[in-house]
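# Structural overview for review
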Amino acid sequence: MPITEPRDDFQRYLRIAREALVFKLDGLSEYGIRRPMTPTGTNLLGLVKHAAGVEIGYFGGSFGRPFGESLPWLDEQAPDNSDMWATADESREDIIGLYRRVWVHSDQTITSNPLDAVGRVPWWGEHGDVTLHLLLLHVIAETNRHAGHADIVRELADGAAGLRADNSNLPSGDELWWQRYREQLEAVALQVGDVHP
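The rules behind each value
Residues numbered from 1 in each chain as written. Predicted model: local features only at pLDDT ≥ 70, side-chain atom pairs only at ≥ 80, totals over all residues. Heavy atoms only, no water. Helix = DSSP H or I, 4+ residues; strand = E, 2+ residues; numbered from the N terminus. Buried < 20%, exposed > 50% of the residue type's maximum accessible area, 1.4 Å probe, protein only. Contact = heavy atoms within 4.5 Å. Areas by Shrake-Rupley, 256 points an atom, 1.4 Å probe, with all protein chains shown as cover. Lys, Arg positive; Asp, Glu negative; His and termini not counted. Charge placed at Lys NZ, Arg CZ, Asp CG, Glu CD. pLDDT = per-residue confidence, 0-100. 1 Å grid on protein atoms, 1.4 Å probe; cavity = no way out; pocket = protein on both sides within 12 Å on 5 of 7 lines; lining within 4 Å. Points joined across faces, edges and corners; volume = space filled by probe spheres on them. Nonpolar A, V, L, I, M, F, W, Y, C, P; charged D, E, K, R; others polar. Patch = residues over 30% accessible without salt bridge, like charges linked within 9 Å, V, L, I, M, F, W, Y side chains within 5 Å. Salt bridge = Lys/Arg side-chain N within 4 Å of Asp/Glu carboxyl O. Phe/Tyr/Trp six-rings, centres within 6.5 Å; stacked < 30°, edge-to-face > 60°. Expected span 1.5 Å × (residues − 1).

## Things to note about the overall build of the chain
On a plain count of helices and strands, the chain comes out with six helices and two strands. If you list the helices and strands of the chain from N to C, you get α-α-α-α-β-β-α-α. For the C-alpha atoms alone, the extent of the chain along its principal axes is close to 55 × 45 × 40 Å. Taken over 197 residues, the chain has a buried fraction of 38%. Long-range pairs, those at least 24 residues apart, make up 71% of the contacts in the chain between residues at least 6 apart in sequence. Counting only carbon and sulfur atoms, one obtains 55% of the accessible surface of the chain, whose full area is about 12000 Å². For the chain, the distance from the average site of its 18 positive side-chain charges to the average site of its 30 negative ones is 3 Å.

In structure tokens form, the structure reads like this:
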């Protein structure tokens, strides 16, 4: 494998995480992408909206590059979790389109600054002076975390699982294989649960 530049590696891993997150919406209805699937309301379209806001903050404002679109759900006065769900007026196309525009804006910050460029994350308080390098690591980790949430939410919604359309990253078992696999795990959990209370 050829030696690559760290910035290119960061951007590649960020791109993969972004695309995996958006992929989880493919093939679901409007209800399916908005449906709260956990007790805390986690939903697929909300995860994409939140990820857009994350990048706006870290790769926009933190480097003196405001995004340029008014997004009331990012205002300090916005109700809690406004960035974690889409209103009835915000369509799938609106949120995905926003996220893709954010990618362009973020990528401009990433490519026009050295990795040791210092930005300021106001909400990090006294630890808010950080390098682009650190923020890239942070955003890659956060985006992957939310892509993982989306994996689980999507599987709960309709059983669809896998990394992306061209690579599921899962064993190629059929429905019966997965059922037996899950039963095996359940049996072990029950067995060990009695041994290690």
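## Observations regarding the confidence of the model for the chain
Here the chain averages 92 in pLDDT, and 98% of its residues register 70 or above. For the chain, the element scoring lowest by mean pLDDT is helix 6 (residues 175–195), at 83; helix 4 (residues 92–112) scores highest, at 98.

## Structural notes on the layout of surface pockets
There is about 360 Å³ of room inside the largest pocket. Those elements that provide at least two residues to the lining of the largest pocket are helix 5 (132–158) and helix 6. The dominant element in the lining of the largest pocket, judged by the number of residues it contributes, is helix 6, at four residues. By residue class, the composition of the lining of the largest pocket is seven nonpolar, three polar and four charged. Considering only enclosed or pocket space, the second largest pocket measures out at about 270 Å³ in volume. Contributing to the lining of the second largest pocket are His50, Gly53, Val54, Ile56, Gly57, Tyr58, Leu74, Asp83, Pro122 and Trp123. For the lining of the second largest pocket, the per-class residue count stands at six nonpolar, three polar and one charged.

## Quick notes on a nonpolar patch on the surface
A cluster of nonpolar side chains, Leu170, Trp177, Trp178, Tyr181 and Leu185, forms an exposed patch at the surface whose accessible area comes to about 450 Å². Within the fold, Leu170 resides in the loop between helix 5 and helix 6. Judged by its relative accessible area of 38%, Leu170 falls in the partly exposed class.

## A closer look at the side chain of His105
Turning to its location among the elements, His105 is positioned in helix 4. The exposure class of His105 is buried, given its relative accessible area of 10%. The contacts of His105, once residues within four sequence positions are left out, are Phe59, Gly60, Arg65, Pro66 and Phe67.

## Notes on the packing of aromatic side chains
Given two aromatic rings, their pairing is described by the distance between the two centres and the angle made by the two planes. Applying the stated criterion across every chain yields a total of four aromatic pairs. Residues Tyr99 and Trp103 carry aromatic rings whose centres are separated by 5.1 Å and whose planes lie at 70 degrees to one another, so their mutual orientation is edge-to-face. Within this pair, Tyr99 and its partner Trp103 are both found in helix 4, separated by four residues, close to a single helical turn. A relative accessible area of 0% means that Tyr99 is categorised as buried. In this structure Trp103 comes out as buried when scored by relative accessible area, which is 10%. Each member of the aromatic cluster is reached from another via a ring pair, and the members are Tyr58, Trp123 and Trp124.

## A closer look at the side chain of Ser82
Take Ser82: it is sitting in the loop between helix 3 (44–59) and helix 4. Non-local contacts of Ser82, meaning those with residues more than four positions away in its chain, are made with Lys49 and Trp73.

## Things to note about helix 5
A rise of 1.5 Å per residue sets the reference length of helix 5, with its 27 residues, at 39 Å; its end C-alpha atoms lie 38 Å apart and thus fit the reference within 8%. Within helix 5, burial applies to Leu132, Leu135, Leu136, Val139, Ile140, Glu142, Thr143, His146, Ala147, Ala150, Val153 and Arg154. Here the buried face of helix 5 lies against helix 1 (6–23), helix 3, helix 4 and strand 2 (129–131). Gly159 sits one or two residues past helix 5 and shows a positive phi near 85 degrees.

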